[in-house]
Amino acid sequence: MKIHEYQAKQILSRHGVKVLPSKLATSDEEARAAYGELGGGVCAVKAQVHAGGRGKGGGVKLVQSAAEAKDVADQILSRPLVTHQTGPKGVPVRQVLVEKGVGIERELYAGITIDRSAERPVLMACGEGGVEIEELAEHSPEKIVKEYFSPTIGLPAYRGRHVAKAIGLAGKFIVKGGALFASLAEAFVHNDCSLLEINPLVVSADGDLIALDAKMNFDDNALYRHKDIAAMRDMAEEGELEAKAAEHGLSYIGLDGEIGCMVNGAGLAMATMDIIKHHGGEPANFLDVGGGADAAKVTRAFELLLSDPKVTAVLVNIFGGIMKCDVIADGIITAVQEVGITVPLVVRLEGTNVDEGKAKLKKSGLAITSADTMADAAVKVIAEAKRHGGSN
């Protein structure tokens, strides 16, 4: 789950990370009033969307008067924001953050994520902030300092000081940096984050380390422990289908292709999309129904897939482990009968009671094409998508 910058800063401030005074505004008039409440001077008006690259896309602008704050907010709120992460259509901006300005001496980068190969969280810091960290990692990886830490122990301040010194901080900023990095690690672990990023982290002219921007993503499976964070979810940012999927406990991400995919397990879902691409097709979505997919959940999943007008064929790829294949077959049959699928359907079952499951699908009399392997399933669904798409 993603949250907005202003929400991330609220959380970080509870863990001792310094942020700037700010006010949220949903209209140009509110932005004008917010500027006055912040005491005037230089302020930033920042689009609040779940996308990076806002500055380059015109979503972050400095203002020096209430009238300018109003005008800039109107410009940002009145048109879609286009960045390298939004695609050419951009995304609507529904709110802006008006934030007090600060004198900047230096910009840094700090982020924490999970290194799955090391099975530990890792703090990454760099003496260059305000840049695309992915580009820096590709072209100058030696500039990124990494410090792994235990989620049970956290990041000791002395190791944080080592990182601070390694990225070029000196004097009192080594101590401040060590404390800040320890606080970031605490926030990451305590809130079950999957990503925490401050870009830029700035050295201010008056001698502080301040999170000028903030991004936090969370492990969906841990949200039951954080009701306050779960309440921060902005469904308007996730798209209509993504929001509907979340309501039914489904993991859904819309893509640009024509082949709808329904799979149990994120790893199998990724592999399914890969093999469709390998054989020349384009997946229309990532859809993980989970390990305990019953008839009701499968029905909701079919409804989601078919609500995408681009879908010209559907591939169901299920591995029956905890949920046996014959039970899954019953769910598929019930869902197809209830929803009334009008596009070709290819089903590949594997695992416990697979023969019984396939027999049930065949006996149902429904227009279901069975596949034995993932490659077989991909070839068949691509052929069906082309045939059905060409006849429309």
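Presented here is a report on the structure given in the accompanying data block. This one's a predicted model, so the numbers in the text were calculated from it and none came from an experiment.

### Considering helix α6 (residues 172-190)
Part 1 of the reasoning: With 19 residues, α6 should reach 27 Å at 1.5 Å per residue; the first-to-last C-alpha distance of 27 Å fits that figure.
Part 2 of the reasoning: When we look at burial in α6, the residues that qualify are Phe173, Gly177, Gly178, Leu180, Phe181, Ala182, Ser183, Leu184, Ala185, Ala187 and Phe188.
Part 3 of the reasoning: Of the surrounding secondary structure, the elements contacted by the buried residues of α6 are α1 (5-14), β5 (104-115), β6 (120-126), α5 (157-166), β8 (193-204) and β9 (209-211).
Part 4 of the reasoning: Looking at the residues trailing α6, positive phi occurs at Asp192, about 55°.

### Some thoughts on the pattern of salt bridges
Part 1 of the reasoning: Applying the stated criterion to the full structure yields 24 salt bridges.
Part 2 of the reasoning: Between Lys46 and Glu99 there is a salt bridge, with the nearest N and O atoms lying 3.1 Å from each other. Of the two residues, Lys46 sits in strand β2 (residues 43-47) while Glu99 sits in strand β4 (residues 96-100), which places them 53 residues apart along the sequence.
Part 3 of the reasoning: Assessed through its relative accessible area of 5%, Lys46 is described here as buried.

### Let's talk about the side chain of Gln48
Part 1 of the reasoning: Tracing the backbone shows Gln48 in the loop between β2 and β3 (60-63).
Part 2 of the reasoning: Residue classification places Gln48 among the buried residues on the basis of a relative accessible area of 1%.
Part 3 of the reasoning: A distance of 3.0 Å separates a polar atom in the side chain of Gln48 from the backbone nitrogen of Tyr6.
Part 4 of the reasoning: Dropping the residues within four chain positions of it, Gln48 is found in contact with His4, Glu5, Tyr6, Leu24, Arg54, Val93, Gln95, Val96, Leu97 and Glu237.

### A word on helix α11 (residues 325-339)
Part 1 of the reasoning: The end-to-end C-alpha separation of α11 is 21 Å, in line with the 21 Å expected for 15 residues at 1.5 Å each.
Part 2 of the reasoning: Among all positions of α11, only Cys325, Asp326, Ile328, Ala329, Gly331, Ile332, Ile333, Ala335 and Val336 are buried.
Part 3 of the reasoning: The elements touched by buried residues of α11 are α10 (295-306), β14 (313-320), β15 (345-351), α12 (354-363) and β16 (368-371).
Part 4 of the reasoning: Following α11 by one or two positions, Gly340 adopts a phi angle in the positive range, close to 75°.

### Observations regarding unusual backbone geometry
What you tend to see is this: most non-glycine residues have negative phi, and most peptide bonds are trans.
Part 1 of the reasoning: Here Asn199 and Pro200 are connected by a cis peptide whose omega angle stands at 10°.
Part 2 of the reasoning: A positive phi angle is found at Asp192, which is not glycine, with a value near 55°.
Part 3 of the reasoning: Position of Asp192 relative to the elements: it lies in the loop between α6 and β8.
Part 4 of the reasoning: Residue Asp192 is classed as buried on the basis of its relative accessible area, which comes to 18%.
Part 5 of the reasoning: Notably, Asn353 is not glycine yet its phi reads approximately 60°, a positive angle.
Part 6 of the reasoning: Within the fold, Asn353 resides in the loop between β15 and α12.
Part 7 of the reasoning: What makes Asn353 partly exposed here is its relative accessible area of 26%.

Parameters at a glance
- Residues numbered from 1 in each chain as written.
- Predicted model: local features only at pLDDT ≥ 70, side-chain atom pairs only at ≥ 80, totals over all residues.
- Heavy atoms only, no water.
- Helix = DSSP H or I, 4+ residues; strand = E, 2+ residues; numbered from the N terminus.
- Expected span 1.5 Å × (residues − 1).
- Buried < 20%, exposed > 50% of the residue type's maximum accessible area, 1.4 Å probe, protein only.
- Contact = heavy atoms within 4.5 Å.
- Salt bridge = Lys/Arg side-chain N within 4 Å of Asp/Glu carboxyl O.
- Polar contact = N/O pair within 3.5 Å; in protein donor to acceptor, adjacent residues only side chain to side chain.

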